[in-house]
Amino acid sequence: MFKNSISHLVPVISLLVALGACSTGSVAPNQPLAAEDVPEIRPGILQGYLPLDAPMKSVEFVLPAPAADSPRQTMDNMVMERTLALRGSPRWEMATLDADLSFPAAADTFSCTLGIPISESQTPALYMLLRRTLADFGFSTYSAKNAYQRERPFMVNGQPICTPEYEDMLRKDGSYPSGHTAIGWGWGLMLSQLAPDNAEALLARGRAFGESRNVCNVHWRSDVIAGRMAASAVFARLNNDAQFLAAMDAARAEIASVRELALPRNRDCEAEAEALATPI
């Protein structure tokens with residue numbers, strides 16, 4: 001099962017690029033695909049909307065990773081010192097939740113902010129949209145990751161991380177840009193378009209999702225900024241994809257319908273709000 005790092009996808013990307021994008025059948029481009037029609041590119045990870053044989057080349061538009069003696073690295077170090085002090089706090093616990101990209105857990109991320117439960121049974125169109133775009137946004141960071149192979153903060157400061165069970169894997173996966181951030185910011189952009197009346201709060205939650213990677217001591221501030229840039233590029237590209245636009249239309253109608261039911265969310269939204277109010 002796909003858990004706490006998009007780095008699970010690295011060997012998959014190379015294989016699928018070599019073989020070409022997976023086929024999704026002959027469904028009309030203006031119709032969203034059913035779950036059974038979307039192939040898994042790894043157990044638990046669905047193929048996204050964008051072709052796997054033409055991934056976003058983030059290395060061509062994000063800034064180079066900061067040099068050791070640069071002002072950007074100085075700022076990274078300052079943020080690192082602030083976030084290290086949050087270990088064991090409610091914000092640390094929130095960051096640990098944000099680290100889990102597996103479904104159904106990840107579907108709850110924006111539930112409080114959007115004001116509805118997000119699940120396969122209650123919001124199937126939105127749930128599928130989140131699952132598929134996880135791959136699109138996450139893949140977007142890898143051309144830059146592979147080019148820079150930046151060490152993560154915990155490899156420099158020797159301090160604990162939110163998910164110690166994944167430390168060995170994270171050591172082998174470049175820090176710059178942040179794949180988790182790309183996913184969270186991409187979802188924030190997507191949901192703000194689906195629910196424009198709540199856009200500011202949804203974007204703030206997407207921002208906080210990336211900042212959770214600073215709190216977890218697994219990414220630098222500049223990794224997070226570059227992750228947002230990669231996600232924005234992917235979102236622009238997705239908005240020219242007929243399948244994605246059809247899926248967005250289905251999710252938009254679903255959100256409007258479910259909002260009217262005033263269903264309870266799966267998280268303690270008051271506790272989440274208090275934790276996320278901690279300045280980073």
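As the structure is a computational prediction, the values presented were derived from the model and not from experiment. Residue indices follow the written sequence of each chain, beginning from 1 at its first position. Where totals are concerned, whole chains, interfaces and linings use all residues; where local detail is concerned, this predicted model gives features only for residues with pLDDT of at least 70, and gives and counts side-chain atom pairs only at 80 or more. The basis for every side-chain value is the complete set of heavy atoms in the structure, and neither hydrogens nor water enter the calculation.

## Thoughts on the environment of Arg-252
And then number 1: Mapped onto the elements of the fold, Arg-252 is located in helix H12 (residues 242–259).
And then number 2: Relative accessibility thresholds used throughout: buried, under 20% of the residue-type maximum; exposed, over 50%; partly exposed, between the two (1.4 Å probe, protein chains only). Relative accessible area serves as the criterion here: at 31%, Arg-252 is assigned to the partly exposed category.
And then number 3: Between the C-alpha atoms of Arg-252 and Ala-195, which are 57 residues apart in sequence, the distance is 7.4 Å.
And then number 4: Of note is the side chain of Arg-252, whose polar atom sits 2.9 Å from the side chain of Asp-249. Under the scheme used here, helices are H or I runs from DSSP no shorter than 4 residues and strands are E runs no shorter than 2 residues, and both carry numbers assigned from the N terminus. Residues adjacent in sequence count toward polar contacts only when both atoms are side-chain atoms; beyond that, a polar contact is any pair of N or O atoms within 3.5 Å, and within protein one must be able to donate a hydrogen and the other to accept it.

## Brief notes about H12
And then number 1: For H12, built from 18 residues, the straight-helix expectation of 26 Å at 1.5 Å per residue is met to within 8% by its first-to-last C-alpha distance of 26 Å.
And then number 2: Looking only at H12, the buried set comprises Gln-243, Phe-244, Ala-246, Ala-247, Met-248, Ala-251, Glu-254, Ile-255 and Val-258.
And then number 3: Turning to H12, the residues buried within the fold contact helix H4 (111–114), helix H5 (124–139), helix H9 (179–194) and helix H11 (221–238).
And then number 4: Where H12 begins, the capping side chain belongs to Asp-241, and its oxygen is found 3.1 Å from the backbone nitrogen of Gln-243. Between the first and last residue of a helix there are one fewer steps than residues, each counted as 1.5 Å, and that sum is the expected span. Any two residues whose heavy atoms approach within 4.5 Å are treated as being in contact.

## Considerations on empty space enclosed by the protein
And then number 1: Space inside and on the surface of the protein is sampled on a 1 Å grid over the protein atoms alone, with a cavity defined as a set of points where a 1.4 Å probe fits but cannot get out and a pocket as an open set with protein on both sides within 12 Å along at least 5 of 7 lines; lining residues have an atom within 4 Å of a point. Grid points are joined across faces, edges and corners, and a volume is the space filled by probe spheres set on the points. Under the counting rule described, the total for this entry stands at five cavities of 30 Å³ or more.
And then number 2: Its boundaries defined by the atoms lining it, the largest cavity holds a volume of some 110 Å³.
And then number 3: Lining the largest cavity are 13 residues; nearest its centre among them are Leu-50, Pro-51, Pro-55, Asp-136 and Phe-139.
And then number 4: Where the lining of the largest cavity is concerned, the elements lending two or more residues are H5 and H11.
And then number 5: For the lining of the largest cavity, the leading source of residues is H5, giving three residues.
And then number 6: Here the nonpolar group is Ala, Val, Leu, Ile, Met, Phe, Trp, Tyr, Cys and Pro; Asp, Glu, Lys and Arg are the charged ones; every other residue, Gly included, is treated as polar. Residues that form the lining of the largest cavity fall into these classes: nine nonpolar, two polar and two charged.

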